[in-house]
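These are the residues of each chain, in order.
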Amino acid sequence: MQVWIITGGIACGKSSVVARLAELINDSSVFSADAVVHDELTNPQTIETITQVFGLEILAKDGLIDRSVLRSIVLHDRKAKTHLEEILHPIVRRRYEEMVLEARSVASATRVFLAEIPLYHESDSVYPCDLTIAVCASRQIQLARIMAHRKISKTEADTFIQSQLPVINKLERSDVGVWNDGSMSALEGQLELLVSLS
C-alpha cells in the first residue's frame, strides 16, 4: 500500500483533488485532518484542554467551542495559533497512524491511502508517506475563492493566506505539484497523468 499526502495552500482545492484521486484510484481510502479536528472540537476532553489555554470566552451558549471566535483569535495572534496547533497536531497525527494501520491490515484492500493534511509542512509531526502532493493556485485565485466562500473582505481573506506557509514553500518541500488555477479539465489532466505514472 502507498501513502500519499495531499497538502497545499488555503482555497487551492485540496479536497477536490483528494475526491478526484479517490475516484481515479481503485481501492483507495481517504483521511482528512480537517475532519479529525472538526470532530475533536466537540470532544469534551479536547474542549477542556483548549479552554484551559484560551479561556471560557471561546465557548458558545451550548458549551461547545465557538469556532468563529477561536479562528479570529489564532488568525491575529501567532502565539495563540502555536498553542492551538500544539494541542491539535498530536491528535491528528495519532488518528492518522491509526487509520494507516487499519488500511495496512490484512482485512483491508486499500491500494493507496490518500491523506489530506493542509498543515503538513507547518507541523512538527512526522507523517511517514510515499508521496507528498502540493495543490497550488495563484494568490489572486486564493483571495477570490476565500472571499466568495466566507463572504469576507479582501483584507480579511489575505489574513487567512498570511497565517499559513506560502504556497511556493509548500510546493518546494513536496514531491509533486498540482496547479489548480484554471479549468476542471486542466486539473483532471494533471491527476490522470499522476495516477498513470504511479
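Residues numbered from 1 in each chain as written. Predicted model: local features only at pLDDT ≥ 70, side-chain atom pairs only at ≥ 80, totals over all residues. Heavy atoms only, no water.

### Some details on the overall build of the chain
Selection rule: Only DSSP runs of H or I with at least four residues qualify as helices, and only runs of E with at least two residues qualify as strands; both kinds are numbered from the N terminus onward. In this description the radius of gyration comes from C-alpha coordinates, and the expected globular size is given by 2.2 Å times residues to the power 0.38. Under the scheme applied here, a residue whose accessible area is under 20% of the maximum for its type counts as buried, over 50% as exposed, and between as partly exposed, the area being computed with a 1.4 Å probe on protein chains only. Contacts are residue-level and defined by heavy atoms, with any inter-residue pair within 4.5 Å sufficient. Only the protein chains shown count as covering a residue, and every accessible area follows the Shrake-Rupley method with a 1.4 Å probe. None of His or the chain ends enter the tally, which takes Lys and Arg as positive and Asp and Glu as negative. Just so you know, the charge point we use is NZ for Lys, CZ for Arg, CG for Asp and CD for Glu.
When its secondary structure is counted, the chain shows 9 helices and 5 strands. Scaling as 2.2 N^0.38, a compact globule of 198 residues should have a C-alpha radius of gyration of about 16 Å, and the chain matches this with 18 Å. Burial statistics for the chain: of 198 residues in total, 41% are counted as buried. For the chain, contacts bridging at least 24 residues in sequence account for 73% of all contacts bridging at least 6. For the chain, the computed accessible surface area is about 10700 Å², with 53% contributed by carbon and sulfur atoms. Separation between the mean location of the 20 positive side-chain charges and that of the 26 negative ones in the chain comes to 4 Å.

### A short note on the pairing of strand β3 (residues 112–116)
Burial runs high along β3: 5 of the 5 residues are buried. Going residue by residue along β3, you find V112, L114 and E116 tucked away on one face and F113 and A115 tucked away on the opposite face as well.

### Topic: the packing of aromatic side chains
We apply this condition: In summary, the pairing rule links any two rings of Phe, Tyr or Trp, Trp by its six-membered ring, whose centres are within 6.5 Å, and it sorts them by plane angle into stacked for under 30 degrees, edge-to-face for over 60 and tilted for everything else.
One pass over the structure, following the stated rule, counts 5 aromatic pairs. Ring centres of Y96 and F113 lie 6.1 Å apart, and the angle between their planes is 75°; this geometry places the pair in the edge-to-face category. Linking Y96 in helix α5 (residues 78–104) with F113 in strand β3, this pair joins segments that are 17 residues apart in sequence. F113 matches Y96 in its accessibility class, with the two residues each being buried. Geometrically, the ring pair formed by Y96 and Y127 is edge-to-face, given 4.9 Å between the ring centres and 80° between the ring planes. With Y96 in helix α5 and Y127 in the loop between β3 and β4 (131–136), this residue pair connects regions lying 31 residues apart in the sequence. Residue classification places Y96 among the buried residues on the basis of a relative accessible area of 1%.

Just geometry here; none of it tells us what the structure is for.
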